[in-house]
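Close look at the chain arrangement
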Amino acid sequence: MTVTVSVEAPLAIVQVDNPPVNALSHAVREGLMNAVREIESNDAVKAAVLLCKGRTFIAGADIREFGQPPKEPHLPDVINAIEACSKPWTAAIHGTALGGGCEVALGCHHRVAVPDARLGLPEVNLGLIPGAGGTVRLPRVIGVDAALDMITSGKPVGAQKALEMGLVDALSGNDDLEAFARNHARQTIDSSVASDRPAFPPAEWNDEKWEEAIGAIRKKARGQQSPVEAALAVRDACTLSLEDAQRAERERFVKLRDGDQSKALRHVFFAERQTAKIDELKDIAPLEIKAAGIIGGGTMGAGIAASMLLAGIPVTMVERDDEAADAGKGRVFKTLEASHKRGLISDEKLENLKEAFTASSDYASLADADLVVEAVFEDMAVKKQVFDALEKHCRADAILATNTSYLDVNEIAATAEKPERVIGLHFFSPAHIMKLLEIIRTDTVSAETLATGFALAKRMRKIPVLAGVCDGFIGNRILASYRKQCDYMLEDGASPAEIDSAMRNFGMAMGPFEMQDMAGLDIGWANRKRLAPNRDPNERYVKIADRLCELGRFGQKTGKGWYLYEEGSRKGKPDPDVAAIIDEERAKAGISPRSFTEEEIQNRILQAMTTEGKNILAEGIARTAADIDMVMILGYGFPRWRGGPMFAGGVKDQ
Ligand code: T1G
Ligand code: NAD
C-alpha cells in the first residue's frame, strides 16, 4: 500500500511509501484523499501526522505522469481536502519536500522537520510553476518577498532557514522525527500551537513594485517562461480571491505543462540522470581513488586539482620546475580561498584542503597516486613525454588520464605499456565550477578504468558523458562545426555583434564571438594550424580569424579580439579594425555582403549543431542524442529550456 493510515487515538498516522522519492503518483493522491475521509469520519481521531518512508518526504508530482492524461484526484483537490479537514494535520519532513511535496506540507496545518531536511518549489526548473496551491499558500506563510524568491528561483531552503522563515514550526532531533511529530500533533489538538503569519496581502506590493520585480525576473530568465509565469501567479495570489488565484495558478500550470519549454526541461531532467547509466559497467567495481596526481598547474590543472580537493581527494601536483609548481599551488589556493570567501567551505575545511595538497617538480611524488590527470600544453610530443614519465613513476595499476581538448587519446594510449589504464577525462574551464566531464574511451581502455572515471565524476559531482575518440570528441566537434557557419555568415555579410546578439536572444549564455574572446582565439588558431595539412582543399575556408590571430588579437587576454576591450573592461566594443579586415576578406573572396535575419542566424547555427550531432551518433562517438544534449547544455551554454540541439532539432532517442 502506498498510503496507510494507522489510528492510535487521538492520533492518526498517515504514511506514504512510494520509492524512490515518494512522488505523488495517482495511487499516492488517491491514498491521501482516502486518508482525509477516514480521519474526518473517525471521532476518536483528533489530529493527524503525515510522514513518509524511505529517504525523503514527498519530492513532488510524478514527472513521469505528465505526458499522460491526468487522473483524478488532482493534487490541488487533495491538498484542499487536507487543509479543510476539521482535525489538524502535522507534516513530518525529512529529506527533500519539493514541489508538490512542499505544497502538500503547506496544505497541512503544521510542519516539523529534521535539521538536514530541505524544502522547495523547484517547478520552474522543469518549465512549470507550482500547480497545487504553492503560489497561493507560500506567500501567506513566509511573506511575498521570500515566496517570490523561492518560487521564481526554484532554489530549496534548509530546515533551519525554513524555521526562521516560518515555513516549518519546529525542528526535531536527527533521529526522533516521528516521535517529535506525534508530540507536536498532540499539542495541536487543543490548538495550543499557534503560528504567527505575516500580514497579507502586503501593502507595499503595489503595481509599480510588481512591474519592477517581474521585469527583473524576465531579464534574468533569458527567454524561459516559467520564472515569469511564477511571478505573475504570486501577484495573482496577492490581488485575487483565494479561489480565483488557485484557478488562475492551475490554468498557468496546465498551459506550461503542455508547452514546449516544459517538455524540453523534463527531457533534460531525465537525460541528466541517464548519462552515467552504462549497461556494460553496471557490475564493474571501480578502482578506489584515495589519492590523485595532476600534471601541470595551469588553468586546467589548477582547476581540476581544486575540484578534486573539494571532493575530498588529496592531490599531488607536478610541474616543470619548482617555480611553476609554486605558481600552480598559488592558483589552486586562490580557487579554494574564493570558495571559502563565498562561504562554501569553513576556515577549518580550507586549512585541511590546503594540507591535502602538495606541488613539486618531482614525478617520484606520484608513487601513491591511484589516478593521475595530465593537463600540460596541448602538444602531442609534450603529452607523450609526460606519459613516459608517468609510466616510470606511477604504480602499475594507477589510472593515467589526459585532459586534452582535441588530441588523439588512442595515440597517447598506444605509447603506454599498459594502455588499458589510459583514459581521457576532458574537464571544462573553470574546472571547479563546470559540471560537464567528457569521459573519452580509447580502443584499449579496460572496463575497470572506465568505471573508475564514472565513479570519479560522481564523487566530484560532475555529470559524465561517455565519448569516443575523434577530433573534439562531442562538444568541441560540434563547436567547430557551428563556428564554421559563423565564419561563413561573417564573410557573407553578418557582423560578430549581430551573430552574438542572435545567439544570446536564442538563449545562449554568450554569443560565439564573445565566447572566443573570453576563452582565447589562440586555441582555435592552434587547432586550425594542426588540421591544415589534412583540410579538404575544396572546403570553403574563411581567413578572418587567422588574420586577427596573426595580429596577436587573442581576445580579452590581449585587450583585443573580435571586439575591443578598453582598460580591463570585460564588455567588448565593436572594433572598426575588425570590420575593415572582414571587408578585405569579403572583397578577396568576391563577396557582396548581404543581411541576415536573427532567425536565419539562429537556424543556421542550430542546424549545424544537430547535423554534426547526427554524425557523432552515427559514428558511435556518443551513445545517445540525450547525451549530446547534455554536453551542449552543460559545457557550451545551450539553453536548457530548449532541451539541447538534438531535442530542439527533433532528434530523439528510440
Ligand atoms: N518524479 C518522478 N521520478 C523522480 C522524481 C519525480 N518528481 N524525482 C526523482 N525521480 C527519480 C529520478 O528520475 C531517479 O530515477 C530517482 O528518482 C532518484 O532521483 C504539482 C507539478 C528528489 C532531490 O522537481 O530534485 O511537483 O534514474 O537520481 O540525486 O506543483 O530527484 O533511479 O530511475 O535525482 O538523491 C517537483 C525532482 C516536480 C524534484 C533526489 N519536484 N527530483 O535526488 O536522486 S513537479 C522536483 C529531484 C511538481 C507540483 C509540481 C531529485 C531529488 P532513476 P535522483 P537524488
Ligand atoms: P596552460 O598553459 O594554462 O597550463 C599548462 C601547464 O602545463 C603549464 O603550467 C605548464 O607549466 C605545464 N607543463 C607543460 N609541460 C609540462 C611538463 N612536461 N610537466 C609538467 N608540467 C608541464 O594550459 P591549460 O589551458 O591549462 O590546458 C591544459 C590542457 O587542458 C591542454 O591539453 C588543453 O587543451 C586542455 N583543456 C583546456 C581547456 C581550457 O579551456 N583552457 C579546457 C579543457 C581542456
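A few words on the packing of helix α4 (residues 134–142) against helix α9 (residues 226–239). With their axes 8 Å apart at the nearest point, α4 and α9 run at an angle of 65 degrees to one another. When the axes of α4 and α9 are compared, the crossing they make is right-handed. Side by side, α4 and α9 meet where T135, V136, P139 and R140 of the first sit next to A233, V234 and A237 of the second.

Assigned domains within the protein: domain 1 (3–258), domain 2 (290–467) and domain 3 (481–620). Between the C-alpha centres of domain 1 and domain 2 the distance comes to 44 Å.

Now for α4. With eight of nine residues buried, α4 lies mostly within the body of the structure. Within the sequence span of α4, burial applies to G134, T135, V136, R137, L138, P139, V141 and I142. Count one or two residues on from α4 and you reach G143, which has phi positive near 95 degrees.

Taken in spatial order, the three strands make up an open sheet running β5-β7-β8, and their pairing is mixed. At either end of the open sheet lies a strand with only one pairing partner, and these are β5 (96–98) and β8 (157–158). Both β5 and strand β7 (residues 118–120) contribute to a ladder of three bridges, which runs parallel. What sits directly across from T96, in β7, is R118. Contacting β5 and β7, helix α3 (residues 100–107) crosses the sheet at an angle of about 90 degrees to β5.

Before going further, it helps to spend a moment on the environment of A467. Among the structural elements, A467 can be located in strand β17 (residues 463–467). What makes A467 buried here is its relative accessible area of 1%. Considered as a pair, A467 and G511 are 44 residues apart in the sequence and their alpha carbons are 25 Å apart.

Extensive coverage of strand β3 (residues 47–52) is indicated by the burial of six of its six residues. The alternating pattern of β3 places A47, V49 and L51 on one face and A48, L50 and C52 on the opposite face, and all of these are buried. Sheet analysis places strand β2 (residues 11–16) next to β3, joined by six bridges and oriented parallel. Each residue of the ladder has a partner; that of V14, found in β3, is L50.

Lining the immediate environment of ligand 1, one finds 26 residues, of which A61, G100, E103, E123 and R273 sit closest. G100 is positioned such that a nitrogen or oxygen atom in its backbone is 2.8 Å from an oxygen atom of ligand 1. When the free accessible area of ligand 1 is taken as 990 Å², the share hidden by the protein chains comes to 76%. Put simply, the parts of the chain that give the shell around ligand 1 at least two residues each are β5, α3 and α11 (260–274). For the shell around ligand 1, the element with the most residues is α11, which contributes three residues.

Quick look at the pairing of strand β13 (residues 371–374) now. Residues L371 and V373 of β13 are buried on one face, and the alternating residues V372 and E374, pointing to the opposite face, are buried as well. Bridge count between strand β10 (residues 292–295) and β13: four bridges; the pairing is parallel. Bridged to I295 within β13 is E374. As judged from the four bridges shared by β13 and strand β14 (residues 399–402), these two strands associate in the parallel manner. Bridge pairing in β14 links V373 to A401. As for the winding sense of the linkage, the β-α-β connection from β13 through helix α15 (residues 380–393) to β14 is right-handed.

Here the focus is the site of ligand 2. Every one of the 22 residues lining ligand 2 counts as a neighbour, but M300, E319, E378, K383 and S405 are closest to it. A distance of 2.5 Å separates an oxygen atom of ligand 2 from a polar atom in the side chain of E378. Taking K383, its side chain carries an N or O atom lying 2.8 Å from an oxygen atom of ligand 2. For ligand 2, whose unbound accessible area comes to 830 Å², protein coverage reaches 81%. Counting residues per element, the ones that place at least two in the shell around ligand 2 are α12 (299–310), α15 and β15 (422–427). Among the elements that make up the shell around ligand 2, the one with the highest residue count is α15 (three residues).

What counts, and where the lines are drawn
- Residues numbered from 1 in each chain as written.
- Chains lettered and ligands numbered in written order.
- Predicted model: local features only at pLDDT ≥ 70, side-chain atom pairs only at ≥ 80, totals over all residues.
- Heavy atoms only, no water.
- Axes fitted to C-alpha atoms, helices over the stretch in contact; angles between N-to-C directions.
- Helix = DSSP H or I, 4+ residues; strand = E, 2+ residues; numbered from the N terminus.
- Left-handed = near helix turned anticlockwise from the far one by under 90°.
- Contact = heavy atoms within 4.5 Å.
- Domains from an automatic or database assignment.
- Buried < 20%, exposed > 50% of the residue type's maximum accessible area, 1.4 Å probe, protein only.
- Pairing = 2+ DSSP bridges.
- Near = heavy atom within 4 Å.
- Polar contact = N/O pair within 3.5 Å; in protein donor to acceptor, adjacent residues only side chain to side chain.
- Areas by Shrake-Rupley, 256 points an atom, 1.4 Å probe, with all protein chains shown as cover.
- Right-handed = clockwise from strand over helix to strand, strands pointing away.

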